[in-house]
Amino acid sequence: MTIDPITAPRRWSLPKFDLTTLRQHGGLAALVILLVFNLLVTPNFFELQTLFVNISQVATIAIVAIGMTLVIATGGIDLSVGAVMALSGALAPLIFLSPFGVANPELGLVAAFTLPILAAAAAGLFNGVMVTFLGVQPIVATLILFISGRGIALVLTNGNLQTFTNPAFSFLGTGRILGMPFQGWVALALAILVSWMVRRTVYGRHLLAVGGNEKAARLAGAPVHLVKIATYVMCSAMAGLAGMIVTAINSASDAARNGLLMELDAIAAAVVGGALLMGGRAPIVGAVLGAIVIQLVKFTLLANGVEDEVALIAKAAIIIGAVYLQQTRSE
Amino acid sequence: MNAPLLQMSGIDKSFGGTAALRSAELTIGRGEVHAVIGQNGAGKSTLIKILTGVYTRDGGTITFDGKPVHFHYPREAQAAGISTIYQELNLIPLRTVTENICLGYEPRKWGMIDWRLANKHARELLARFDIDIDVTRPLGEYNTAIQQLVAIARAVSLDAKLVIMDEPTSSLDDREIAILFGVIRELNKSGVSVLYVSHFLDELFQICDQVTVMRDGQTVAQREISDTNKLNLIADMLGRDPEEIRAAGMTDFSAAQAKTGDVLLEAKNVATGTRLRDFTMRVHSGEIVGLGGLLGSGRTEAARALFGVDDVTAGAVKIDGKQGAPANPRAAIGQGLSYLSEDRKAEGIIPHMSVRENVTLALLPRITKHGQVETKKERELVERFVKSLGIKASSIDQPIRELSGGNQQKVLLARWLATEPRILILDEPTRGVDVGAKLEIQQIIRGYVEQGIGVVLISSEFEELVEGADRIVVLQDGHSVSELRNPGVTENALVKAIAHHYADRDAA
């Protein structure tokens, strides 16, 4: 965090706890409150098993939230992530259960991992082209796939739940390395990779410049359209990966439910993590933190027997709180 | 003599231990136009923000209209009769002129808004200032000048006793300025005082009665405009001796010293649309070519055409012997062009980014290895420019939005100089920048020209053009109409060149 030289106190003093502190560390504060509450109230909270259950759940939110944070950094939004999850989640089993996949198990598996991601990336390309070359507002452009993406997934699967037994594919959602769920490692690796990308690469600089002041970025030679398209593609590809993880966890693809309302979770996680909806900031670590907060809220309410519907209200309250802090932050 | 309308005395204000104001004073009489001037960071805006209730003061007293006051919110100041016309107008462009004037105070009849009366009221109000427009049209359909006047009309309709104008003329052309000044005089007649903030000293002598000069958070002088001159005001602002400044020269581009070399850029009969129709110019290595003309004559459009921002629809551009205008800014930068745009805020700075990131934005491809920014190289380069341009920032990682206008402009200049351009296009490089920074920027540019780059200089200040440019291409309604050559060009000659062709046009 940079310190404002004008308002920074000149002498040493205890850190003050005021609105400014809360604004900068709101996500962290929420996390601490949730943890303390759970330690006191929820039975069996302080156990490795609970931790791993939560990690396996939070990974998909975190992965989608990372992509969403990049899109939000351009000043855009991607409503289609949940539908893209359903699409890629439905495609993967179709591929390894196809006659070709059954005849060539290895090749089928490779195809089942790569083709759905490519399909998701194609969805991102569609979003990106709509937003840049056709000048459609991001919320409208991504609404197209928000509606039709899940429809395509349902058509592909005839609207049925597809169950399968494929240990190699299921490793994506149920495997463990050093005890931690595999998807937890994937999310961690992505968080590190994307953080580095934002901070150190030309793409990252251009991303923040485009989101911070598009006209200025264009005059300074940033390839504005390319940066935006690449960002939508990455966001969709990450959503596609998350969709496959969900399918792997369940050993079944359910196009009607996979990724349902994920766009809201991801946006909420990004905003709680400190992303500015007008663009120009991409706090990746914050997005992961935000995803953890969202997951913990779900878990806390579930573990204490609160209805799902009430959990939605709690989530809404968190989003309102985060947006409120953000409004005051912009001054 | 009546008691003054406003008396601020002994005003102190500090931000986290740094004093922004130290017992500053401001006294404004009734019905006078009072200018407050000073370099960026002198405390003008802090003083005004305390007056309007945006900041609370640490010490001192304010008496307004005979009563001691202490405003905590801008609304309180407004209720007391202090209206501020901001640089960025806080009006609603999609609503009608009437709605903008009456917003929140609409006349009512049977519980409904009486639009007939409201329109009549708005028309009468504007008629006082000799403005006759259709008040039922959306405000956004009118130009900035009209919008500004509507903002003033709104202030007057709210019974303002003091109207604060912050750089009101910065986006107006001469004719519009004349209208604005007419309105200000009209305000004075009805006893309304005006607090006028401007970087254009010439204006003060046309419209102001009194001037308060600030430096380093203190009020250093209050003068009767008729008793002073430009040189003395600048000396007050800088805290220097007038004679010393006279010797240094007001504008330091000091043209016509450099030898000119090869042709770097050539534009022949270039058009991009309705605003630029027929533009021809040539830039040699080691010279500054000015673009003169009134606002809207196509100067900025010409720059945008050369830099590949707007598509060229007719004519030919040749850069470094290569035919064709750049396809986009990225290509232009690759061909050795740089373009410091006119609107620092909208097209220049990336506010969330640091000084460092802002400087290297256009340079990124050249300080990158395998897609990764070479941070060590980057820091060295930025440190070097911060030093050589005298950019004042707490560190190169300070967000650019925290810097003063002049320093932001220097950062943007560094952005473009860092790309080592062959041709540098400067659109109003010293607008909204204080006198000290202005001199520095002009010196820096001259230094680069002597090393052989070519500069295209756009400026609304005739003085800057006449003294700075080796040649001046005069533009009018999107056509380049004539060319003046230094030495020997005077402000009068430039004005005549512009006016002359207008006369021609009228005759034709």
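Just so it is clear, the structure is predicted and the values come from calculations on it, not from any experiment.

**Brief notes about the packing of aromatic side chains**
- Applying the stated criterion across every chain yields a total of 9 aromatic pairs over all chains.
- Geometrically, the ring pair formed by A:Phe164 and A:Phe169 is edge-to-face, given 6.0 Å between the ring centres and 70 degrees between the ring planes.
- Taking the centre distance of 5.5 Å and the plane angle of 55 degrees together, the rings of B:Phe307 and B:Tyr339 count as tilted. Here B:Phe307 is found in the loop between helix H10 (299–306) and strand E16 (314–319), whereas its partner B:Tyr339 is found in strand E18 (residues 337–340), with 32 residues between them in sequence.
- B:Tyr339 gets classed as buried once you look at its relative accessible area, which sits at 1%.
- Pairwise contacts between aromatic rings join A:Phe96, A:Phe113, A:Phe164 and A:Phe169 into one cluster.

**Let's talk about the side chain of A:Asp265**
All names here are of chain A.
- Following the sequence through the fold, Asp-265 ends up in helix H12 (residues 262–272).
- Classification of Asp-265 as buried rests on a relative accessible area of 5%.
- If we skip the residues at most four places from it in the chain, Asp-265 touches Ile-61, Ile-294, Lys-298 and Lys-315.

**Focus on the interface of chain A and chain B**
- Listed as interface residues are 30 residues of chain A and, on the opposing side, 39 residues of chain B.
- The contact between chain A and chain B buries some 2,700 Å² in all, and 59% of this surface belongs to carbon and sulfur atoms.
- Among the residues of chain A in contact with chain B, A:Arg200, A:Arg205 and A:Leu219 are the three that bury the most area, contributing 29% of the side total.
- Applying the counting rule to chain A against chain B returns 2 salt bridges.
- A salt bridge links A:Arg205 to B:Glu378; the shortest N-O distance between them is 2.7 Å.

**Let's talk about the sheet that holds strand E4 (residues 59–64) of chain B**
Residues and elements named next belong to chain B.
- Taking strand neighbours across the sheet as the criterion, the 4 strands line up as E2-E1-E4-E5 in an open arrangement whose pairing is antiparallel. Of all strands in the sheet, those bounded by a partner on one side alone are strand E2 (18–28) and strand E5 (67–68).
- Pairing geometry for strand E1 (residues 6–15) and E2, over 7 bridges, is antiparallel. Bridging from a neighbouring strand, Gln-7 pairs with Thr-27 of E2.
- Relative to the sheet, helix H1 (residues 44–51) contacts E1, E2 and E4, its axis offset from that of E1 by approximately 115 degrees.

**Digging into the pattern of salt bridges**
- Enumeration according to the criterion identifies 25 salt bridges over all chains in this entry.
- Where A:Arg205 meets B:Glu357, a salt bridge forms, and the shortest distance between an N and an O atom there is 3.6 Å. Pair noted here: A:Arg205 is in helix H9 (residues 202–212) and B:Glu357 is in helix H13 (residues 355–360), and the two residues belong to different chains.
- For B:Glu357, a relative accessible area of 16% translates into the label buried.
- Measuring nitrogen to oxygen at the nearest pair gives 2.9 Å for the salt bridge that ties B:Arg356 to B:Asp397. Residue B:Arg356 is found in helix H13, and its partner B:Asp397 is found in the loop between helix H14 (375–388) and helix H15 (405–417); the two are separated by 41 residues along the sequence.
- For B:Arg356, a relative accessible area of 13% puts it in the buried group.

**Remarks on the sheet that holds strand E13 (residues 263–271) of chain B**
Residues and elements named next belong to chain B.
- Across the sheet, 4 strands lie side by side as E14-E13-E16-E17; this open sheet has antiparallel pairing. Here the strands that pair on one side only, and so sit at the sheet edges, are strand E14 (279–284) and strand E17 (322–323).
- The pairing of E13 with E16 spans 5 bridges and is classified as antiparallel. Counted as the bridge partner of Glu-266 is Lys-318 from E16.

Conventions used here
Residues numbered from 1 in each chain as written. Chains lettered and ligands numbered in written order. Predicted model: local features only at pLDDT ≥ 70, side-chain atom pairs only at ≥ 80, totals over all residues. Heavy atoms only, no water. Phe/Tyr/Trp six-rings, centres within 6.5 Å; stacked < 30°, edge-to-face > 60°. Helix = DSSP H or I, 4+ residues; strand = E, 2+ residues; numbered from the N terminus. Buried < 20%, exposed > 50% of the residue type's maximum accessible area, 1.4 Å probe, protein only. Contact = heavy atoms within 4.5 Å. Buried area = accessible area lost by both parts, 1.4 Å probe. Salt bridge = Lys/Arg side-chain N within 4 Å of Asp/Glu carboxyl O. Pairing = 2+ DSSP bridges. Axes fitted to C-alpha atoms, helices over the stretch in contact; angles between N-to-C directions.

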